[in-house]
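Here is what each chain is made of, one letter per residue.
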Amino acid sequence: MNAPNVGILPLFLASILTSNILLANFLGTCSFISISKDFKSSMGLGLAVTMVIGICAAICWAVLNFLIRPLAIEYLSFIIFIIVIAGVVQMLEMIIDRFSPSLYMALGIFLPLITVNCAVLGVILFLQIRNYNFLQSVIFGFGSGAGWWLAIMLLAAIRTKLDKNNAVPAGLKGTGITLITIGFMAMAFIGFSGMIAVQ
Amino acid sequence: MSPARKVLREGLWSNNPIFVQVLGICSTLAVTNNLSNTLVMVLGVTFATAMGSWTLSLLKDLIPRKVRMIVQVLVLSFYVIIVDILLKAYQPAISKQLGPYVGLIITNCILMGRAEAFAAANKPGLSFLDGVANGLGYGWVLISIAFVRELLGFGTFFGLKVFGEGFTPWTIMVMAPSAFFLVALALWAANILKAKAEAAAKAPKPKAPGAASPAPAKQ
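What this report covers is the structure whose coordinates are included nearby.

Calculation notes
- Here the residue numbers are simple positions, counted from 1 along each chain's written sequence.
- Here every chain gets a letter starting at A, and every ligand a number starting at 1, in the order they are written.
- Selection of residues for local features in this predicted model requires a pLDDT of at least 70, selection of side-chain atom pairs for listing and counting requires 80 or more, and totals for whole chains, interfaces and linings are taken over all residues.
- The side-chain values count all of the structure's non-hydrogen atoms but skip hydrogen atoms and water molecules.
- Under the DSSP-based scheme used, a helix requires at least four consecutive residues in state H or I and a strand at least two consecutive residues in state E, with every element numbered from the N terminus.
- For this measure, only C-alpha atoms enter the radius of gyration; the expected value for a globule follows 2.2 Å times N^0.38, where N is the number of residues.
- Note on classification: 1.4 Å probe, protein chains only; a residue is buried when its accessible area is under 20% of the maximum for its type, exposed when over 50%, partly exposed between these limits.
- Pairs of residues are marked as contacts when any of their non-hydrogen atoms sit within 4.5 Å.
- Surface accessibility in these figures is a Shrake-Rupley result with a 1.4 Å probe; residues are shielded only by whichever protein chains are displayed.
- Only four residue types enter the tally: Lys and Arg on the positive side, Asp and Glu on the negative side, with His and both chain ends excluded.
- Charge placement uses NZ in Lys and CZ in Arg. For Asp and Glu, CG and CD serve respectively.
- For the purposes of this section, nonpolar cores are sets of buried Ala, Val, Leu, Ile, Met, Phe, Trp, Tyr and Cys residues that join through side-chain atoms within 4.5 Å.
- Expected span of a helix, by definition, is 1.5 Å for each gap between consecutive residues, and there is one gap fewer than residues.
- Throughout, bend refers to the angle between the axes fitted to the seven residues that end at a position and the seven residues that start at it.
- By definition, disulfides here are pairs of cysteine sulfur atoms that lie within 2.5 Å.
- Patches were defined on residues exceeding 30% relative accessible area and lacking a salt bridge, with like-charge contacts within 9 Å and nonpolar side-chain contacts (Val, Leu, Ile, Met, Phe, Trp, Tyr) within 5 Å.
- By definition here, a salt bridge exists when the distance from a side-chain nitrogen of Lys or Arg to a carboxyl oxygen of Asp or Glu is within 4 Å.
- Note: buried area is the sum, over both parts, of the accessible area (probe 1.4 Å) each one loses when the two are combined.
- The residue classification treats Ala, Val, Leu, Ile, Met, Phe, Trp, Tyr, Cys and Pro as nonpolar and Asp, Glu, Lys and Arg as charged. All others, Gly included, are polar.
- Think of each axis as a best-fit line through the C-alpha atoms, taken over the contacting stretch in the case of a helix, with angles from 0 to 180 degrees between the N-to-C directions.
- Each angle receives one of four descriptions, namely roughly parallel if under 35 degrees, roughly antiparallel if over 145, roughly perpendicular if within 65 to 115, and oblique otherwise.
- Crossing handedness follows the turn of the near helix against the far one: under a right angle anticlockwise gives a left-handed crossing, and clockwise gives a right-handed one.

### A short note on the overall build of chain A
Okay, step 1: Broken down by element type, chain A carries nine helices and zero strands.
Okay, step 2: Shown N-terminal to C-terminal, the secondary structure of chain A runs as helices and strands in the order α-α-α-α-α-α-α-α-α.
Okay, step 3: Taken over C-alpha atoms, the radius of gyration comes to 18 Å for chain A, in line with the 16 Å a tight globule of 199 residues would show.
Okay, step 4: For chain A, the C-alpha atoms occupy an extent of roughly 60 × 45 × 30 Å along the three principal directions.
Okay, step 5: The proportion of buried residues among the 199 residues of chain A is 57%.
Okay, step 6: Considering only intrachain contacts with a sequence separation of at least 6, the fraction spanning at least 24 residues in chain A is 79%.
Okay, step 7: Of the roughly 8600 Å² that chain A leaves accessible, carbon and sulfur atoms contribute 71%.
Okay, step 8: Averaged over its 9 positive side-chain charges, chain A has a centre that lies 10 Å from the centre of its 5 negative ones.

This is the structure we're talking about:
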């Protein structure tokens with residue numbers, strides 16, 4: 001099986017803009033909605049998610065190609081990926097705690113949440129299905145993370161204005177209007193799709 | 001109200017995973033432009049939630065608190081793998097279309113949410129029922145959304161043509177934004193119905209708040 005013939009730069013841009021992991025693939029919506037209330041937390045979570053996805057993409061690519069495929073244990077891949085993700089998150093937590101307590105204070109509460117963020121597992125399953133090579137996997141991982149980060153920052157910025165607005169109907173306040181906002185953002189991001197198309 | 005009925009009612013309506021908890025829309029919303037895929041995903045989620053809650057409820061006294069999360073994830077992924085293997089064996093076409101989204105049931109927040117919020121403190125039988133109720137409560141909302149998206153996006157119902165030749169498909173319904181809009185509209189409808197039910201309950205002669213499902217929101 002060969003890796004798809006995709007350039008690095010188009011892949012990176014596509015994973016941020018046209019096939020944004022959140023706005024086009026709906027992954028990571030849960031924490032997206034709950035955290036985006038606060039701009040500062042969004043910033044922290046976005047950074048943490050980007051790091052975790054990038055690192056996990058690299059490790060899972062290696063695990064997939066040197067462990068899962070040679071041993072033909074594809075049926076166990078979900079469990080193995082989840083363990084890798086949980087392990088990476090745990091290690092990252094310890095490393096950050098050791099070397100940068102201030103960053104730990106900022107990210108600490110978000111890190112455990114990332115284990116069950118669908119975006120991380122989603123990226124890994126996509127790179128398995130699409131057969132990316134190592135470089136493509138890492139780029140796709142960081143790109144998707146950055147795309148998620150961009151989306152949550154934009155939404156958090158919009159929400160700080162939106163929550164002050166009283167014109168929103170009572171039944172639509174909070175989650176409802178947030179979902180509609182995400183819908184409009186997704187429409188805006190579809191506008192990029194003429195530029196690059198990478199699947 | 002008996003505990004079993006209460007659990008069912010909460011899962012299907014008053015504490016519906018989508019309307020109240022806003023959980024788990026990640027992995028399943030992506031497949032709602034097609035009714036049969038949605039149906040398969042909903043059944044998968046229901047199966048995994050129910051069996052996962054049941055197992056975790058059985059194991060709850062054996063799991064040390066420190067490794068609770070990882071044990072939960074492992075148990076849940078075990079059931080998701082069963083779903084995946086069954087699909088690959090019996091519905092290879094659908095399995096291919098769903099792609100990574102079957103595996104993503106593992107990180108569907110509903111599974112973890114129910115394991116943590118309900119199964120950790122209740123008996124196995126009731127936890128199983130709670131899983132079924134939440135899976136179905138989540139399911140009927142998504143199936144309503146898929147119904148609207150497939151009908152308007154492709155002009156079909158389970159792949160059968162509904163409209164005549166003159167029908168122009170709504171491209172937006174096939175694409176991602178419409179799913180967000182429809183969930184928001186469904187949420188809005190649910191909130192209005194709830195507010196009405198509350199107002200009715202406060203009125204001197206309270207009407208029983210109907211557990212009937214609201215019509216799926218139309219655009």
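### A few points about the nonpolar core
All names here are of chain A.
Okay, step 1: By size, the foremost hydrophobic cluster in this structure holds 120 residues, and its most contacted members are Ile114 and Trp148.
Okay, step 2: Broken down by element, this core gets its largest block of residues, 12 residues, from helix H3 (residues 39–71).
Okay, step 3: The contact partners of Ile114, leaving out residues within four places of it in the chain, are Leu45, Ala48, Val49, Val52, Val89 and Val120.

### Examining H3(A)
Residues and elements named next belong to chain A.
Okay, step 1: When the terminal C-alpha atoms of H3 are compared, their 45 Å separation across 33 residues agrees well with the 48 Å that a helix rising 1.5 Å per residue should span.
Okay, step 2: Maximal helix bending in H3 amounts to about 40 degrees, located at Leu64.
Okay, step 3: Positive phi shows up at Ala72, right after H3, with a value of about 55 degrees.

### Regarding the state of the cysteines
Okay, step 1: Applying the stated criterion to the full structure yields zero disulfides over all chains.
Okay, step 2: With no disulfide of its own, Cys56(A) lies closest to Cys60(A) among cysteine sulfurs, the gap being 5.6 Å.

### Considering a nonpolar patch on the surface
Residue and element names in this part refer to chain B.
Okay, step 1: Taken together, the side chains of Leu39, Leu43, Phe157, Phe158, Val162 and Phe163 present a nonpolar region at the surface, about 510 Å² in accessible area.
Okay, step 2: Considering the arrangement of structural elements, one finds Leu39 in helix H3 (residues 35–59).
Okay, step 3: Overall, the relative accessible area of 34% leaves Leu39 in the partly exposed class.

### Points about the interface of chain A and chain B
Quoted interface sizes are often the accessible area lost when the parts come together.
Okay, step 1: Contact residues are listed per partner, giving 39 residues for chain A and 38 residues for chain B.
Okay, step 2: Regarding the contact of chain A and chain B, the summed buried area is about 3200 Å², with carbon and sulfur atoms giving 87% of it.
Okay, step 3: Among the residues chain A hides against chain B, the three largest losses belong to Phe26(A), Phe78(A) and Leu179(A). Together they make up 22% of the total.
Okay, step 4: Our count for the chain A to chain B interface comes out at zero salt bridges.
Okay, step 5: Elements that contribute at least two residues to the side of chain A that touches chain B include exactly helix H2 (29–35), helix H4 (77–99), helix H7 (118–130) and helix H9 (175–190) of chain A.
Okay, step 6: Considering every element that reaches the side of chain A that touches chain B, the biggest residue donor is H9(A), with 10 residues.
Okay, step 7: Of the residues assigned to the side of chain A that touches chain B, the class counts are 29 nonpolar, 10 polar and no charged.

### Quick look at the packing of H3(B) against helix H7 (residues 124–154) of chain B
Residue and element names in this part refer to chain B.
Okay, step 1: At a closest axis distance of 8 Å, the pairing of H3 and H7 adopts a crossing angle of 165 degrees. Judged by the inter-axis angle, H3 sits roughly antiparallel to H7. Classified by chirality, the crossing of H7 by H3 is right-handed.
Okay, step 2: Tallied by class, residues from the contact of H3 with H7 come to 17 nonpolar, 11 polar and one charged.

### Brief notes about the pattern of salt bridges
All names here are of chain B.
Okay, step 1: Counted under the stated rule, the structure contains four salt bridges over all chains.
Okay, step 2: A salt bridge links Lys88 to Asp84; its shortest N-O distance comes to 3.1 Å. With Lys88 and Asp84 both in helix H4 (residues 68–90) and four residues apart, the pair spans about one turn of that helix.
Okay, step 3: A relative accessible area of 52% places Lys88 in the exposed class.
Okay, step 4: For Arg114, the salt bridge is made with Asp130, and the minimal N-O distance between the two is 2.9 Å. On the criterion of sequence distance, the pair formed by Arg114 in helix H6 (residues 109–117) and Asp130 in helix H7 is long-range, its members being 16 residues apart. The same class applies to Arg114 as to Asp130, namely buried.

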